[in-house]
Structures are given as C-alpha cells and as structure tokens.
Amino acid sequence: MEFGFAPVQSQASFESMRGQAALAESLGFSTLWAHEHHYGRMMYPDPLMTLAALAPVTRTVGLGTNMLLLPIHHPLRVAQEAAMLDVLSDGRLRLGVANGYSPGDLQAFGVSAKQRGQRLEEGLLLIRRLWQGETVTESGNSYRLENYELFPLPLQRPNPPIYVGGHAPVAIERAARLGDAYLISTTQKIGEIPALVATYHDALAALAKPSIKPTLNRIVCVVDSAAQKEQAQAFYANALLKLYDSWGHESVTGLGDAERARQVLCDDHFILGEPDACIEQIRRYEAMGIGQIACLMNFGGPDPELVERSMRLLGEQVMPRL
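What about the overall build of the protein chain?
Moving on, step 1. Within the protein chain, the regular secondary structure consists of twelve helices and twelve strands.
Moving on, step 2. For the protein chain, the C-alpha radius of gyration of 19 Å lies close to 20 Å, the compact-globule estimate for 322 residues.
Moving on, step 3. Dimensions of the protein chain, computed from C-alpha atoms along their principal axes, come out at roughly 65 × 40 × 40 Å.
Moving on, step 4. Taking all 322 residues of the protein chain together, the buried fraction comes to 54%.
Moving on, step 5. Roughly 13,800 Å² of accessible area belongs to the protein chain as shown, and the carbon and sulfur atoms make up 51% of that amount.
Moving on, step 6. One finds the centroid of the 28 positive side-chain charges in the protein chain at a distance of 2 Å from the centroid of its 35 negative side-chain charges.

Here it is, written out as structure tokens:
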C-alpha cells in the first residue's frame, strides 16, 4: 500500500503548503496531490501551478493532479504545461484528470455538461500523442494543429502516467481505455468500492491490459485519543457535507438523512481513529484491491496542528506496519 498526501491548498500564503509537502516527503508519502475547484476558497484553482511551486522544495515524491478538470482547459496548454512540470521536477508528474461535475466550475468556463465526455476523450488522446513525440495535424473542439510537435517533451517515456477519475460505468471504461491508472473519489462509500474496482479490472481485461490497482481518495485523520477522534469526526463530517453540497456532487447531495448521520459518514468515507484502528480500516481497502490511499487531511480547513500530528502518526506508526 502506498500513501499520497494533499497539502493545504486554501491559504493566501503558500508557506504552509510548502512546509507540509516537505514533511510528507520526509515521512515517506509517495505522491503529493493537488486538486482543482473554482468556487469556495477551499482549493487553489490551478493544480499544475500548485505542483510547480512544490517541485523545488521536494526531491523524490511524485507530483499529481487529483483531479485536473480537463474539459474546461485547452488540451494543448495542458500538454505543454504538464510536460514542462515533468522536466522541472526531474520526471515526477502524474496527470490525474476528470470530467468535472460542479455547475459553477463548468459555467465559469462556458463548458456545457453535455460536452464533458467528448472534450475529456479528445483532450486525453491529443495529450498522449503530443507527449510521445508525434507530429500532429488535427482539429478538435478548441484547437487546430498543423504539423505540430511539442517542446519540451516530458522526461518520462513514453509519457507520464495518466490517471482518470469517475464512477459511472462509462467513466470507468474510459479510465481503462485512455488512462494508465484509475482515481476513485472520496465521495464513494466504502461499500461501493469493490464494484468500482471490479468494473475497472473487467474493462482492463477486455482491452487485454494488465491489472492496475486504483488510487482511492479518503479523508484521513490519525489521532492519539478518543477525545481527539470525536472532535475530528465532527469537523470532517460537517466539512464533507458542506463542501460537496455546495459543489453539487450527486453522490453527496443525494444522501438521505440517515446517510448524513455523523457516524455513518465516518464509516462510509473516512479513515479516522487511533493508529491501530486506522491500520484495520486501511487493510479493508487493501483487501478490496486499492493500491494507494490519497490522504485528504486538510479537507475543510482543519487546525494545522491537527494535520501535522496526523501526518506524523500516519508516517511513524501506521505506514511502517503496512
């Protein structure tokens, strides 16, 4: 099992983000993940720029977008900027993309929800061709290229790994067909994970591709007392509902009253508790075929001291035992 970490991306100063990133690398996290939303002041709007700021303060940890909303971006610009980041970071880029779901994000850039799938597929195909050094002559929704060659090319060959997110069957098939790995949202309940993983592996098998373990986003908080656990549960449960309701994610807006109860949310969506309890919870996901947990410890803007303590407990008392 590998562990990723999303450093704080909601403060006017970037120093806390840089400090958390350096600590995460020292503790053995495998990937730093940067997210994208354009409403709510909870995430920086540009994940590639966020990762470019983290590249100079780290040396070996992977740098991933989780997830870049490809349909609202020009695919050539994404190919160019992501390739530059791979070069700047000595080959550490992981490009994670998704359709996007928030009406605010889509409307801000004039993209219809009906266009998302087509724009995502078109963009992924173009990005991979350019990264692999092809000379491209092609027209799409937002571009027209004639004998175009990307410069500079990314360091990773044939291309940096591409992660694709989504939970509908068509999205999972797209992840298998067009991506190199699959990202699962923190909005998916624990009981839904086995079916998502099975659908992904079935799609890979149909394409004669090798099995790849998905990466799972999860709100994670490791504590050292029952009192801290109760406080963390209350904070993160409220944050999950508040933010995803405001962003319009159907997996959360559609929850009934019973599913919105604090303990149910914690059981369905979080890895939270003292070290032994967290190890038990993580092993459940490992048994489901998850290969990496992307730890969303900063979700909702918790106390930085809580996050640092959680990072250290995970890195020192949990990860070595897994």
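Considerations on the pairing of strand β10 (residues 215-222)
Moving on, step 1. Of all eight residues in β10, eight are buried, a share of seventy percent or more.
Moving on, step 2. Of the two faces of β10, both are covered, the one formed by T215, N217, I219 and C221 as well as the one formed by L216, R218, V220 and V222.
Moving on, step 3. Relative to β10, strand β9 (residues 181-184) is paired through two bridges, and the arrangement is parallel. Looking at β10, one finds that L183 is bridged to T215.
Moving on, step 4. Sheet topology note: the β10/strand β12 (residues 292-295) ladder contains four bridges and is parallel. Within the sheet, the bridge partner assigned to N217 lies in β12 and is A294.
Moving on, step 5. Here four bridges tie β10 to strand β11 (residues 270-273), and the two strands are oriented parallel to one another. Directly across from I219, in β11, lies its bridge partner F270.

Side note on the environment of E308
Moving on, step 1. With respect to the helices and strands, E308 occurs in helix α12 (residues 304-318).
Moving on, step 2. Put simply, E308 and C221 are 87 residues apart on the chain and 9.9 Å apart in space, counted from C-alpha to C-alpha.

As for the nonpolar core
Moving on, step 1. In this structure, F29, W131, I193, Y285, I293 and L314 are the most contacted members of the largest nonpolar core, which totals 73 residues.
Moving on, step 2. Ranked by size, the runner-up nonpolar core spans 24 residues in total, among them V223, A232, L240 and V252.

So, the packing of helix α5 (residues 116-131) against helix α6 (residues 169-178)
Moving on, step 1. Two elements in contact, α5 and α6, have axes separated by 11 Å at closest approach and are oriented at 10°. One finds that α5 runs roughly parallel with respect to α6. Every residue of α6 that contacts α5 at G117, L120, E121, L124, L125 and R128 is listed here: R174, R177 and L178.
Moving on, step 2. Per-class residue counts for the contact of α5 with α6 are four nonpolar, one polar and four charged.

Details of the pairing of strand β5 (residues 93-98)
Consecutive side chains of a regular strand alternate in pointing toward one face of the sheet and then the other.
Moving on, step 1. Most of β5 sits inside the fold, with five of its six residues counted as buried.
Moving on, step 2. Across two bridges, the pairing between strand β3 (residues 62-65) and β5 is parallel. Each residue of the ladder has a partner; that of L63, found in β5, is L93.
Moving on, step 3. Here two bridges tie strand β4 (residues 68-69) to β5, and the two strands are oriented parallel to one another. From the neighbouring strand, L68 faces β5, where its bridge partner is V97.
Moving on, step 4. Once the chain exits β4 it traverses helix α3 (residues 75-88) before rejoining the sheet at β5, and the crossover so formed is right-handed.
Moving on, step 5. In terms of strand pairing, β5 meets strand β8 (residues 162-165) through three bridges, oriented parallel. Bridging across to β8, G96 finds its partner in Y163.

Some details on the packing of aromatic side chains
Moving on, step 1. In total, this model carries eight aromatic pairs according to the counting rule given.
Moving on, step 2. On the basis of an interplanar angle of 80° and a centroid distance of 5.5 Å, the ring pair of W33 and Y163 is categorised as edge-to-face. On the criterion of sequence distance, the pair formed by W33 in strand β2 (residues 31-34) and Y163 in strand β8 is long-range, its members being 130 residues apart.

Comments concerning the pattern of salt bridges
Moving on, step 1. In this structure the tally under the stated criterion is twelve salt bridges.
Moving on, step 2. In this structure, the salt-bridge partner of R128 is D180, at a minimum N-O distance of 3.4 Å. Taken together, the positions of R128 in helix α5 and D180 in the loop between α6 and β9 put the pair 52 residues apart, joining distant regions of the chain.
Moving on, step 3. Overall, the relative accessible area of 28% leaves D180 in the partly exposed class.
Moving on, step 4. Where R129 meets E138, a salt bridge forms, and the shortest distance between an N and an O atom there is 2.6 Å.
Moving on, step 5. What makes R129 partly exposed here is its relative accessible area of 24%.
Moving on, step 6. Through salt bridges with shared partners, a single ionic network connects E121, E173, R174 and R177.

Reading the values: the criteria
Residues numbered from 1 in each chain as written. Predicted model: local features only at pLDDT ≥ 70, side-chain atom pairs only at ≥ 80, totals over all residues. Heavy atoms only, no water. Helix = DSSP H or I, 4+ residues; strand = E, 2+ residues; numbered from the N terminus. Rg over C-alpha atoms; globule rule 2.2 N^0.38 Å. Buried < 20%, exposed > 50% of the residue type's maximum accessible area, 1.4 Å probe, protein only. Areas by Shrake-Rupley, 256 points an atom, 1.4 Å probe, with all protein chains shown as cover. Lys, Arg positive; Asp, Glu negative; His and termini not counted. Charge placed at Lys NZ, Arg CZ, Asp CG, Glu CD. Pairing = 2+ DSSP bridges. Core = buried A, V, L, I, M, F, W, Y, C linked by side-chain atoms within 4.5 Å. Axes fitted to C-alpha atoms, helices over the stretch in contact; angles between N-to-C directions. Parallel < 35°, antiparallel > 145°, perpendicular 65-115°, else oblique. Contact = heavy atoms within 4.5 Å. Nonpolar A, V, L, I, M, F, W, Y, C, P; charged D, E, K, R; others polar. Right-handed = clockwise from strand over helix to strand, strands pointing away. Phe/Tyr/Trp six-rings, centres within 6.5 Å; stacked < 30°, edge-to-face > 60°. Salt bridge = Lys/Arg side-chain N within 4 Å of Asp/Glu carboxyl O.

Geometry only, nothing functional implied.
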